[in-house]
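A structural walkthrough
In case you want the letters, here they are:
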Amino acid sequence: MRTVGGTLEDFERDLISNLYYQRGTTVESASGPDAYHTLAVTVRDRLVDRYARTAAAHYAANPRFVYYLSAEYLLGRQLRQNLLYTGTEPWLRPVAEDLGAPLEELEAYDVEPGLGNGGLGRLAACLLDSMATLDIPAVGYGIRYEFGIFKQAFRDGAQVERPDDWTFYGNPWEFPAPDDRQVVGFYGTTARSLDDPTGLRRQWTPGETVRGEPSHMLVPGFGTQTVNMIRLWRARASRESFDLSRFSAGQYKEAVEDIVRAENISKVLYPDDSTEQGRELRLKQQYFLVACSLRDIIRRYRLRNTGWDAFPAKVVVQLNDTHPVMAITELMRLLVDVYRVDWDLAWSITRRTFNYTCHTLLPEALETWPVALLERLLPRHLEIIYSINHFFLQEVAATYPGDVDKLRRLSIIEEGPERRVRMAHLAVVGSTAVNGVAELHTRLLTATTLRDFAELWPYKFHNVTNGVTPRRFIRLANPRLSALITDRLGDEGWLTDLERLERLGDAVDDPEFLARWREAKRQNKVDLARHVERSTGVVIDPEAMCDVMIKRFHEYKRQHLKLLHVITLFNRIRENPDLDVVPRTVLFGGKAAPGYHAMKLLIHLVNAVAEAVDTDPVVSRRLKVVLVPDYNVTKAQFIIPAADLSEQISLAGKEASGTGNMKLALNGAVTIGTLDGANIEIRDRVGAENFFLFGLDTAEAADLRHHYRPRAFYEQDPELRAAVDAIASGVFAKGDRALFAPVVDAMLGRDEYLALADYRSYVDCQEAVDEAWRDQDRWTRMSVLNSARSGFFSSDRTARDYCDLIWRVEPVPVPS
Ligand code: GL2
């Protein structure tokens with residue numbers, strides 16, 4: 001790999017020069033942030049030459065670009081990644097010494113940009129990484145939230161949220177690009193265009209304008225020259241917003257009111273996950289993102305192309321869930337109202353430009369916006385939606401004459417006491433391709449949630465199973481296992497061709513390899529134990545089975561089912577102190593949305609159970625429970641390599657895909673899971689004998705839901721009853737029976753996600769897990785095979801699937 005000015009001496013020279021000229025200081029007086037910033041900039045600059053050559057190659061080829069629109073990105077820390085991608089990783093230690101800064105301190109300043117909630121945001125980041133690695137010309141567009149996903153802390157066991165001021169020390173990885181700023185309108189009125197007899201072209205006069213200022217971060221490919229970018233928009237008030245006369249009159253607050261209102265748009269990431277957040281500001285964010293991005297896309301298109309006919313041949317936009325779907329109406333508005341393209345041609349261009357990825361099955365997560373809100377905030381866009389819907393419903397009526405119910409079901413407008421715009425419907429109508437994110441998910445989408453659309457346009461629907469980047473989630477996160485794999489396979493080719501891991505399958509008969517594998521995992525657990533002790537004070541035993549459940553807290557994911565298992569183990573050991581149990585560390589990680597009270601209470605309960613386990617002298621020798629605070633990408637990189645058992649226990653039919661399941665399998669964790677999301681594909685590949693399956697499948701769960709009585713399960717199963725009763729008794733709340741009563745009520749009342757129905761099957765399956773663990777050779781073989789057979793789950797394969805099925809883009813190699 002070429003590095004610019006490729007020697008350590010050059011690097012050190014640049015470092016000292018950057019320290020001197022950019023930070024205005026010297027090694028002797030540099031602070032921690034000075035040292036980190038300087039190192040970051042010096043590494044970053046090694047990507048700039050590749051970035052410039054990428055831009056030149058793209059300009060010359062004038063290829064079709066993928067524009068990825070996403071309200072969320074979880075990029076993870078940048079320093080180690082960019083050291084790896086520039087081939088300068090081995091210099092980290094000597095360079096840290098030059099700067100007189102301990103490595104750990106440098107890394108502590110490497111704050112991850114938490115611009116997303118969970119899997120959806122991380123998937124966006126993995127796809128950008130893979131597209132660059134595959135030399136696909138691509139740009140990611142997003143919002144530069146001033147505050148990212150909140151920081152989670154615990155006060156007496158309860159979650160408290162703190163703001164994530166991630167740019168407090170500045171962000172050395174980004175380049176501001178003020179010259180590419182855009183102006184975006186909101187509110188106002190619309191009027192007829194006098195020269196347009198059809199009435200389809202109209203003029204919008206916004207009542208408020210806001211500037212969007214972009215900055216970009218570099219997205220290097222691994223093992224190639226391509227460096228793409230992610231462009232993030234920040235809202236700024238327009239220049240006239242500062243009211244000097246009011247300020248001079250002493251009305252300080254009023255003088256800056258407009259500035260505050262404008263800048264609030266990119267102030268904070270909405271921290272809810274998979275549930276709709278019906279706030280005007282959120283809709284403003286969404287429109288702000290797409291309006292800025294589309295203007296930028298058109299600007300870029302016009303650098304090399306004229307006219308509109310070629311637009312879909314040069315531009316393909318991928319909508320990451322419904323958050324950026326207003327882009328469909330915005331492109332129509334720009335084409336029809338601003339560039340005076342005829343409606344029909346504009347609609348044809350628009351439909352050929354967009355594609356939509358759906359990431360959910362939960363009906364409550366399918367975004368809808370009140371018509372009344374749109375009418376006020378984006379009046380012209382609402383008119384366009386009405387016109388799109390009008391023509392669409394004409395088509396539907398022609399296909400299904402007389403079927404009024406069909407029209408009602410398919411309409412972009414949901415009728416009811418409050419009329420609402422269904423964003424997923426708008427997305428499907430305005431896109432060429434629609435995809436789900438795992439086989440089961442796509443099947444259920446087309447059979448249930450979007451069934452009428454799938455019947456109308458079967459050819460629009462595709463499956464693209466998610467994937468994860470092996471660079472971050474194996475190579476960076478798990479250097480020990482990576483070294484072992486490279487040693488076995490002969491070179492690092494597997495990092496860009498992950499199916500090569502398959503060849504590790506031969507190693508399961510090699511006792512020496514198995515021993516080295518086990519030792520790598522053990523060392524990872526030692527590291528994790530150190531980390532956990534530092535952040536929570538809890539001491540964990542690296543010899544114990546590391547049983548992990550890391551994901552957002554959500555009822556459908558069923559952290560409460562895991563907790564019932566933990567309480568069952570607790571009860572068993574207390575009842576029979578001599579019981580021969582496999583020592584386990586149960587590690588939870590995850591945040592609950594600040595307004596999601598049921599899940600915040602469950603977090604509290606997890607912490608309470610953890611404390612009860614830890615303070616019981618008999619139990620704590622065999623069982624540990626830890627809820628790692630502030631789970632994020634950085635923590636994931638610590639936890640995943642140490643995991644032995646991966647908990648993927650959502651109710652079948654609820655988890656669209658999951659991606660943590662893939663990361664864990666790739667790192668040699670064995671899954672205990674339901675037939676949900678991508679678990680099914682993982683099991684198909686790793687083999688049923690290397691996967692612990694339990695629970696109802698989708699059809700059984702749907703059946704049971706009709707006549708479900710959770711109490712029946714509770715009454716029949718003494719261990720289940722004991723676990724639930726323990727919560728009800730107040731033992732985890734210092735005798736306070738009221739505190740966790742809502743958890744018990746939810747379980748015995750409706751038990752929405754059938755946790756009680758799956759309890760016995762789950763707990764018995766955990767016995768089978770213990771059984772397998774007791775035979776460490778068997779377990780290690782299972783572990784190796786999970787990793788060996790999970791190569792399919794590389795996001796390189798996912799990106800390639802998108803290219804072949806949906807984007808129809810070709811790589812553009814960048815010369816060195
Ligand atoms: C999600 C799904 O819940 C999850 O199953 C899927 O793996 C990811 C990525 O496709 O998308 N949808 C969603 O809104 N979030 C997810 O993680 N936050």
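Residues numbered from 1 in each chain as written. Predicted model: local features only at pLDDT ≥ 70, side-chain atom pairs only at ≥ 80, totals over all residues.

1. Some words on the site of the ligand
Among the 17 residues in the neighbourhood of the ligand, the closest are listed as Gly119, Leu120, His359, Ala656 and Ser657. A class-by-class count of the residues in the shell around the ligand yields 4 nonpolar, 11 polar and 2 charged. Two domains each donate at least three residues to the shell around the ligand, and these are domain 1 (62–77 + 112–465) and domain 2 (543–786). (Near = placed C-beta within 6 Å. Nonpolar A, V, L, I, M, F, W, Y, C, P; charged D, E, K, R; others polar. Domains from an automatic or database assignment.)

2. Remarks on the sheet that holds strand 15 (residues 368–370)
Spatial ordering of the open sheet is given by 15-17-16, a layout of 3 strands whose pairing is antiparallel. Bordering the open sheet on either side are strand 15 and strand 16 (413–414), each of which pairs with just one other strand. Pairing between strand 16 and strand 17 (residues 420–422): 2 bridges, direction antiparallel. Counterpart to Glu414 in the pairing with strand 17 is Arg420. (Pairing = 2+ DSSP bridges. Helix = DSSP H or I, 4+ residues; strand = E, 2+ residues; numbered from the N terminus.)

3. Some remarks on the nonpolar core
Judged by nonpolar contacts, the single largest core of 237 residues is most densely connected at Tyr67, Ala327, Leu605 and Val609. Per-element tally for this core: the top contributor is helix 24 (residues 597–615), with 11 residues. Shared between two domains, this core takes at least three residues from each, and those domains are domain 1 (62–77 + 112–465) and domain 2 (543–786). When residues no more than four places from it in sequence are discounted, the contact partners of Tyr67 are Val139, Tyr141, Ile297, Val315, Val316 and Val317. (Core = buried A, V, L, I, M, F, W, Y, C linked by C-beta atoms within 7 Å. Buried ≥ 20, exposed ≤ 12 C-beta atoms within 10 Å, placed from the backbone. Contact = placed C-beta atoms within 7 Å.)

4. As for the domain arrangement of the protein chain
What the domain assignment reports for the protein chain is domain 1 (62–77 + 112–465) and domain 2 (543–786). Spacing between the C-alpha centres of domain 1 and domain 2 amounts to 36 Å. On the domain 2 side, the residues contacting the 35 residues of domain 1 number 31 residues. Breaking the side of domain 1 that touches domain 2 down by element, the ones donating at least two residues are helix 6 (119–133), strand 5 (151–155), strand 6 (158–162) and helix 18 (439–449). Here the residues of the side of domain 1 that touches domain 2 are counted per class, giving 13 nonpolar, 14 polar and 8 charged.

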